[in-house]
Amino acid sequence: MSLPKKIAMARGGLRERNKRLRAEQVLDAAELLFRERGYEGTHIEAIAEQALVAPATVYNYFATKPNLLMALALRHVRASLPERRAFLSNLPEEPLQGVIAFESLLARQAMRRLSRECWRVILSAAFLEPEGPASRTGARLNTLILRHYIRLVQRYQETGKIRASVDAPALAEILLGLTTQYFGNFVAAPARPIGSLLDQTERHIGIVLQGVLAEQA
């Protein structure tokens, strides 16, 4: 490879690294301001000032504030994956306890970095802008959790707790649909404790699981 091409490639790689660094700065600034001022109380210009970049840079990277919030949610999920994988490799013995414990883990992870207000915006993206980038990112978040639930169901099938004849993806979709609704109820209430979310999960998911448990379970 010629020297000019090597130089061009090096410069291109440096530009990409700088772009990723600036994008992380913007996300860090947004996370801080969303926590301090709230999502609605934070403007792109304030995020840019906190991140030490021009507002045009924020718009160039994320286009809209909802897109920026969705990028934050994705970053949160990626950081949370090792803990989720560790949980799925060492599940509670009974399926109902496994679902409740997993929902407890998801709720605690969700509230570590983003407020209830932010999660309300994230959950509403599919309805406010069905074909938009924020909605597509929300679908990616759901897909990740669905994969976790499929693995959870399959693990209980492997241990003989859930019947092997049960369609694991279909059951996982039911569990995800119900628990997403419960989480939406949780973030809609300003002071609702996580315990009430888990109580609702136990009552309703217990009914669903009654029809799929193996006889010895």
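Placed above this text is the structure.
Asks: Got a minute to help me understand the overall build of the chain in this structure?
Replies: Across its full length, the chain carries nine helices and zero strands. Viewed in the frame of its principal axes, the chain has a C-alpha envelope of about 70 × 50 × 30 Å. For the chain, buried positions account for 46% of its 217 residues. Expressed as a percentage of contacts within the chain between residues at least 6 apart in sequence, the contacts between residues at least 24 apart total 67%. Averaging the positions of the 29 positive and the 21 negative side-chain charges in the chain gives two centres separated by 9 Å.

Asks: It is not clear to me how the layout of surface pockets should be interpreted in this structure. Could you clarify?
Replies: Any empty space left between atoms is shown by rolling a water-sized probe over those atoms. Considering only enclosed or pocket space, the largest pocket measures out at about 540 Å³ in volume. Along the walls of the largest pocket sit 25 residues, with Leu123, Asn142, Ile145, Thr180 and Phe183 positioned nearest its centre. For the lining of the largest pocket, the secondary-structure elements that each account for two or more residues are helix H4 (65-88), helix H5 (95-113), helix H6 (116-128), helix H7 (133-158) and helix H8 (168-188). Take the lining of the largest pocket: its biggest share by element is seven residues, from H7. Its boundaries defined by the atoms lining it, the second largest pocket holds a volume of some 300 Å³. Along its surface, the second largest pocket is lined by 15 residues, and Phe62, Asn67, Met70, Ala71 and Leu74 are the ones closest to its centre.

Asks: Is there a simple way to explain the packing of H4 against H5 in this structure?
Replies: Each pair of packed helices can be described by the angle between their axes along with the distance between the axes. As a packed pair, H4 and H5 sit with axes 11 Å apart at the nearest point and diverge in direction by 155 degrees. By the angle between their axes, H4 is roughly antiparallel relative to H5. In the packing of H4 onto H5, the handedness of the crossing is right-handed. Here H4 contributes His76, Ser80, Glu83, Arg84 and Phe87 to the contact with H5, which in turn contributes Gly98, Ala101, Phe102, Leu105, Leu106, Gln109, Ala110 and Arg112. Class assignment of the residues belonging to the contact of H4 with H5 gives a composition of six nonpolar, four polar and three charged.

Asks: Which parts of the structure should I look at to understand the packing of H4 against H7?
Replies: Remark: H4 packs on H7, axes separated minimally by 9 Å, with the N-to-C direction vectors making an angle of 10 degrees. As judged from the angle between their axes, H4 and H7 are roughly parallel. Every residue of H7 that contacts H4 at Pro66, Asn67, Met70, Ala73, Leu74, Val77, Arg78, Leu81, Arg84 and Leu88 is listed here: Pro133, Ala134, Thr137, Gly138, Arg140, Leu141, Leu144, Ile145, His148, Arg151, Leu152 and Arg155. Residue composition of the contact of H4 with H7, grouped by class: 13 nonpolar, four polar and five charged.

Asks: Teacher, can you tell me more about the pattern of salt bridges here?
Replies: Opposite charge on two side chains permits them to pair, given that their charged atoms come into close proximity. Counting across every chain of the model gives 10 salt bridges. For Glu31, the salt bridge is made with Arg113, and the minimal N-O distance between the two is 3.8 Å. In this pair, Glu31 is assigned in helix H1 (residues 3-37) and Arg113 in helix H5, connecting sequence segments 82 residues apart. Owing to a relative accessible area of 44%, Arg113 belongs among the partly exposed residues under this scheme. One salt-bridge network, in which partners are shared between bridges, spans Glu24, Asp28, Glu31, Arg35, Arg75 and Arg113.

Rules used throughout
Residues numbered from 1 in each chain as written. Predicted model: local features only at pLDDT ≥ 70, side-chain atom pairs only at ≥ 80, totals over all residues. Heavy atoms only, no water. Helix = DSSP H or I, 4+ residues; strand = E, 2+ residues; numbered from the N terminus. Buried < 20%, exposed > 50% of the residue type's maximum accessible area, 1.4 Å probe, protein only. Contact = heavy atoms within 4.5 Å. Lys, Arg positive; Asp, Glu negative; His and termini not counted. Charge placed at Lys NZ, Arg CZ, Asp CG, Glu CD. 1 Å grid on protein atoms, 1.4 Å probe; cavity = no way out; pocket = protein on both sides within 12 Å on 5 of 7 lines; lining within 4 Å. Points joined across faces, edges and corners; volume = space filled by probe spheres on them. Axes fitted to C-alpha atoms, helices over the stretch in contact; angles between N-to-C directions. Parallel < 35°, antiparallel > 145°, perpendicular 65-115°, else oblique. Left-handed = near helix turned anticlockwise from the far one by under 90°. Nonpolar A, V, L, I, M, F, W, Y, C, P; charged D, E, K, R; others polar. Salt bridge = Lys/Arg side-chain N within 4 Å of Asp/Glu carboxyl O.

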